[in-house]
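This is what each chain is made of:
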Amino acid sequence: MTDIGLEEILRLEGEVLVLMPSDTAARQCRDAIARLRGEQDQAFLESITIVPPDQWLAGLWDNCFADRQVLRPIQLLALARGIIEASPHYPANCLNPLAITRQFVDAFQLHAAYCLGDRREDYLFSPEYQAFSEWREALQDTLDTQQALSSQQLPHYLLAQPSLALPDHIVISPDLEFPPAMQRFLDHCGCHCQRWRLAVRRSMSTPRLVSVQQQRQECEQVATWLAKTLPDRAPSDLICIAVPDIERYQADLQSALARYLYPQTLFPPVGSGSDPDVAAPAIREPWVFEGSEKILSFPLISAAWDVISLGNSSVETEKLSRILRSRFIRGWPEHRSDRASLDLRWREYLGPETTLASALALSRHSPTVTDEMLEPLTAIAQIVGQAPARQLPSRWVRFFDQLLLAAGWPNADNDDLVVQQCRRGFSQAMDVFRALDRQLGEIAQGDALSWLQHILASKRFSIARDWWCPVRIMSYEDAIGREFDAIWIMGLDDSALPRRVEPSPFLPLHLQQRAAIPDASAATRLAADKKVLNALLAVAPEVMVSHCQQNENGAPLAASPLLSMAASAPPLTSALGFQCSADLIQPQNDAVSPVGVAEREQLRGGTGLFKEYAASPFLAFLKYRLQLAEFPQPREGLDQRIQGVLVHDSLQFFWQQTGDSAALASLTATQLAVRVEECVVRAFAHPELRSGRYGDTLKQLEIRRLCSLLGAWLEKERTRLEPFTVIATEQQREYRLMGIPLRLRVDRIDQIGEHRLVIDYKTGRVEGRNLNVDQLSEPQLPIYALAEADAGAPVDGVMLAQVKSVDELSIHLRSNWTNSVVKKVPRDKDVDTPEKWAEELSAWERALTTMAEGILGGDIGHDFSQDHQRGFSAYLLPLLRGEGAADGESAGEGAQ
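Bear in mind the structure is a predicted one, so any value in this text is a computation, not a measurement.

Calculation notes
- Residues numbered from 1 in each chain as written.
- Predicted model: local features only at pLDDT ≥ 70, side-chain atom pairs only at ≥ 80, totals over all residues.
- Heavy atoms only, no water.
- Helix = DSSP H or I, 4+ residues; strand = E, 2+ residues; numbered from the N terminus.
- Buried < 20%, exposed > 50% of the residue type's maximum accessible area, 1.4 Å probe, protein only.
- Contact = heavy atoms within 4.5 Å.
- Areas by Shrake-Rupley, 256 points an atom, 1.4 Å probe, with all protein chains shown as cover.
- Lys, Arg positive; Asp, Glu negative; His and termini not counted.
- Charge placed at Lys NZ, Arg CZ, Asp CG, Glu CD.
- Pairing = 2+ DSSP bridges.
- Right-handed = clockwise from strand over helix to strand, strands pointing away.
- Axes fitted to C-alpha atoms, helices over the stretch in contact; angles between N-to-C directions.
- Expected span 1.5 Å × (residues − 1).
- Polar contact = N/O pair within 3.5 Å; in protein donor to acceptor, adjacent residues only side chain to side chain.

Enquirer: Explain the overall build of the protein here, please?
Expert: Scanning the protein from N- to C-terminus turns up 32 helices and 23 strands. Considered along the principal axes of its C-alpha atoms, the protein spans approximately 115 × 70 × 55 Å. For the protein, with 896 residues in total, the buried portion stands at 48%. Within the protein, residue pairs in contact and separated by at least 24 positions form 74% of the contacts whose partners lie at least 6 positions apart. As displayed, the protein has an accessible area near 44,800 Å², and 50% of this comes from carbon and sulfur atoms. Averaging the positions of the 89 positive and the 117 negative side-chain charges in the protein gives two centres separated by 2 Å.

Structure, rendered in structure tokens:
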């Protein structure tokens, strides 16, 4: 073939066909020819066709008025899956039938593209080969019956056509490599038309190689390079950032570009909020990720999927929550606040999975819920209840449309550009699903949703930009065949190129190697990847290359061995291209207004207020003064709060019936087990356990666990050194500490001779040192002791009773007469005398008084070095200020 340039193409007479590697490359070539020809002259569009090869073949086939239909990939997949699942070769324990089907369809297409032949003896050496041979014959029979064919079979069938509308000239991009079937067809075309090879610009500069430690630094290098070079480039320049895997690089690249290249994206638009009548200028980043997004990732489409994927069976409560609060459902924003309140109720009373009917039934018991607020969900439930057992995909599309109409989707301005494009893309996906009628037949709703989800999750989709983006980020394959003014090839390490060999498991390896399929052997893979790299290096006159020295797991990486000629370049100095300045007023101590008299009476929380303050004054302020709480998340099984309530109630019922140590000692092991089980079952009458949220199986498992746990704990109580009588359980008491009203509930009070002992059950992990004054993080027992003394019934000791698991039963005692109620080795630090007990009470009183003064005075200090295990604690880091902020050191009272 003779090389030909774009200018010479315009001088060719007759019909001209230009074959390009991709649709984007074809579009760029069309634009280049249009600029050469002149925008005012569009006649060339009638004589020059620029398309990828598969699009040209499909057009030829349609123009032949052939009686066979070319199937979409999803249609071929649907036919193949039915054949595979009905085959005796299909394993009964297969976990992912779709993955096997995809591999078979890929092998079917390779077989057609590389003309591998039909000799049965080639497929006798393994079960996989035999299965492929039978499946291929069955699929071909089905295609013949339905008068259909696959895309890779097109060249073979076109050769049999008596007359084809061939062009006068065929110009082929040098970046195109054709399999044998396509090459045969092109050779046939060469008898009827002249063939040329497109001459493209070749890079003459040596690539510059940058080596960095990890991926984040690599992305920063690219952003820094762009920030330094982009301002000096022509406005029409195109820059390509080529990556081996867009999904892996997108987050880090987006962050680096926003920080180093276009930091305006990190700040609100200038003027926003100052004048509501003046629109703030749009922030438009100069880059775009090509081919990185799927349509299902867009909020408008994911909201539609949540609605149409509802059924009569259980679904995640989180999905119902998203539908309830979605802005794309009718009733938003007028019912937004009420629906958010209802969502909290769902999360409190519903399990991780529920049905739409159960959620609606629970909603109607709330006095704030109106029929209008629930109207979309009620309409959806009615339609879902009328779903047929089986029907064609096209009829399922109508059913899904009814669900979306009932929900009021999209509940948005149809003139909005994003809404228009998303709806158009969603309609196209529905058209693809509708086209599966012949291949799938009547299917159940679950199968319909599975196929539709596959279509939505695989459909590449992006919102068209209405502004110029000079920086294009794409995969290696998408960059080939195009022309740019500069390119940065990222991730070019020894794991990216050459790629590992992955031959098809369904095709005999010797046939793959004989046909030189790229993935058949290391040699063919190496040759193919050399062409990929050469094509990448040729798309621009300025080439930058980078790689990481480590992967995400810390394993070492080296530059790709295919980079035979590359000049090493030092890493670029990362410097932010913007500055911010402001006058900050930093008070000596962070504080809020003190607690007034009226607010003091409204403080609630009991000992929890002091426990939270001991952990973090700021979190105590958020929880008890601002009334903030973590967003509830539905959990599997019983949460820790319910489990704690069951332990307390079970032990309360047991001691109300048993009374003292003598009665406990008189029980045999069998009698003790029976009584414990009776008390546990009685505790399960708790209102939250009667809501139907928890199944009977889960309750029985928890009953067994509690019986074992409490039985072990009561056996430990049998070993107590002194007789005792339980004189109070779960006793309610009102108490004021520094004027703060506290409503207490003392777990248990024992009478031991002349001594009274307060016991606090703990179902989580605790340690005795948590009662020490210098680290008082468990203030309940000290408060109980002070409250009993204030009521005129001073106690002689307090005991922490850890009832966490059979292997974690422990006792910690502080009293005026003994160091423990069970046998224990004495220690000097034990509080076991009247003098030590009096000192302990005084120290506790001083510590609690200091806490109360801080609560009432508005102390909101926070130690950022501690893990406070709160749902909103992760959002507190931006509040950190001071010299230790950069290193994450403790800020003490540094919260602002």
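Enquirer: Would you mind showing me how to read the pairing of strand β7 (residues 194-198) here?
Expert: Looking along a regular strand, one sees the side chains alternate between the two faces of the sheet. In the sheet, strand β1 (residues 2-4) pairs with β7 via three bridges, with the strands oriented parallel. Paired with Asp3 across the bridge in β7 is Arg197. Across four bridges, the pairing between strand β6 (residues 169-172) and β7 is parallel. Looking at the pairing, Val171 lines up with Trp196 of β7. In this fold, β6 hands off to helix α9 (residues 180-189), which returns the chain to β7; that crossover is right-handed.

Enquirer: I tried to follow the sheet that holds strand β20 (residues 740-752) on my own but got confused; where do I start?
Expert: By definition, the strands of a sheet pair up through backbone hydrogen bonds, in either a parallel or an antiparallel sense. With mixed pairing, the five strands of this open sheet are ordered in space as β19-β20-β21-β22-β23. Only two strands of the sheet have a single neighbouring strand rather than two, namely β19 (725-737) and β23 (808-815). Averaged over all pairs of adjacent strands, the angle between their axes in this sheet comes to 30°, without regard to strand direction. Here eleven bridges tie β19 to β20, and the two strands are oriented antiparallel to one another. Pairing of Gln731 across the sheet is with Val746, part of β20. With respect to the sheet, helix α31 (residues 780-790) is in contact with β19, β20, β21 (755-762) and β22 (797-805), its orientation differing from that of β21 by roughly 145°. Most of the contacts of helix α32 (residues 834-857) go to β23, to which it runs at about 100°, and overall it touches β19, β20, β22 and β23.

Enquirer: Help me understand helix α18 (residues 417-434) in this model?
Expert: Residues spaced three or four apart along an α-helix point in a common direction, a consequence of the helix completing one turn every 3.6 residues. Here α18 is 18 residues long and its end C-alpha atoms lie 26 Å apart, about the 26 Å a rise of 1.5 Å per residue gives. Burial in α18 covers these residues: Val419, Gln421, Cys422, Gly425, Phe426, Ala429, Met430, Val432 and Phe433. On the buried face of α18, the contacting elements are α5 (73-85), α12 (299-308), α17 (393-407), β14 (443-444) and α20 (445-458). The opening residue of α18, the one whose side-chain oxygen lies 2.9 Å from the backbone nitrogen of Val418, is Asp416.

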